[in-house]
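Working through the structure, step by step
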Amino acid sequence: MTMRPKQPTRPYTLIHNADAGGCGSYRILWPTASLFAQKKLRGGVSDRLMSEQELKALAPEVCVVQRQYYDYQIASLRMYRKHIPFIVYELDDILDKVPNWSIHKHQMPDNVRQQLKTCFKIVDRATTTTEFLADELRRLHKNLDVQVVPNFLPSIWKTLLPYKKQERFRIGWAGALAHKHDLMLLEPVMKHFGDRVDWVFMGLTPEKIPQGVNVQVVPGVALNDYPMVLNSLNLDV
């Protein structure tokens, strides 16, 4: 990013995604790419927080940050507050209630709840995906302006082939390591249906597969390939 010329049009928005995986893509990267393509947004995206010199050169009027809670990130937020009129904090997780079995548990500092409270005192607004999560965020800061912005599917899903009815009912599950524990919930369901349906697992499979259950395993794919591959599985559920 370089110094930008002042333009009396839309406010310049600086956007920071926390990652390039599912969360960063669905909540930040893909929505902003769509807005840029439609010329509804002016600004820049970076997964790196700016220095004060860089921030002064960019002179953004709005900033969106995603899932920032470490000490150095909070220090940057305080610095941003001095230069940016409006800051939005995006969060679609309950970070202080991450279960012990989660692979992300070790990434959470013990004081993450207090860190989030500090962040919410700095920013002007927070966004999240559901009313349930919005209520959780309001519990951290009662005066916080929380807006629910649901997830939407990228436009590529509109181009996928229609479902074709088949003889056997196919139930699919797709997920990464962060969802490993969810598979345990399916084990009794698989046992209940037995060989009456076919199961398709993409990315991960249950550790225990009941005897007599028909299972198809599909390797995980890159996020951009996910819609096409999932569509090719021709799932009923």
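Definitions and limits used
Residues numbered from 1 in each chain as written. Predicted model: local features only at pLDDT ≥ 70, side-chain atom pairs only at ≥ 80, totals over all residues. Heavy atoms only, no water. Axes fitted to C-alpha atoms, helices over the stretch in contact; angles between N-to-C directions. Helix = DSSP H or I, 4+ residues; strand = E, 2+ residues; numbered from the N terminus. Parallel < 35°, antiparallel > 145°, perpendicular 65-115°, else oblique. Contact = heavy atoms within 4.5 Å. 1 Å grid on protein atoms, 1.4 Å probe; cavity = no way out; pocket = protein on both sides within 12 Å on 5 of 7 lines; lining within 4 Å. Points joined across faces, edges and corners; volume = space filled by probe spheres on them. Nonpolar A, V, L, I, M, F, W, Y, C, P; charged D, E, K, R; others polar. Buried < 20%, exposed > 50% of the residue type's maximum accessible area, 1.4 Å probe, protein only. Polar contact = N/O pair within 3.5 Å; in protein donor to acceptor, adjacent residues only side chain to side chain.

For any two helices packed against each other, the geometry is given by the interaxial angle and the distance between the axes. In the contact formed by helix H3 (residues 71–83) and helix H4 (residues 112–122), the axes pass within 10 Å of each other and the chain directions differ by 10 degrees. Considering their axes alone, H3 and H4 lie roughly parallel with respect to each other. Counting all contacts with H3, which are made through Asp 71, Ile 74, Leu 77, Arg 78 and Arg 81, the residues of H4 involved are Gln 115, Thr 118, Cys 119 and Ile 122.

All right, on to the layout of surface pockets then. There is about 1,500 Å³ of room inside the largest pocket. Along the wall of the largest pocket there are 48 residues; nearest its centre are Cys 23, Asp 93, His 104, Ala 178 and His 179. Listing elements by their share of the lining of the largest pocket, those giving two or more residues are helix H1 (22–37), H3 and helix H5 (131–140). In terms of residue count, H1 provides more of the lining of the largest pocket than any other element does, 3 residues in total. A class-by-class count of the residues in the lining of the largest pocket yields 25 nonpolar, 16 polar and 7 charged. One number sums up the size of the second largest pocket: a volume of about 740 Å³. In this structure, the second largest pocket is lined by 26 residues; those nearest its centre are Arg 27, Pro 31, Thr 32, Leu 35 and Val 149.

The next point concerns the environment of Thr 127. Along the chain, Thr 127 falls in strand S5 (residues 125–128). We classify Thr 127 as buried; its relative accessible area is 13%. Each C-alpha atom, one on Thr 127 and one on Glu 90, is 4.8 Å from the other, the two residues being 37 residues apart in sequence. Here the side chain of Thr 127 touches Glu 90 through a polar contact of 2.6 Å, side chain to side chain.

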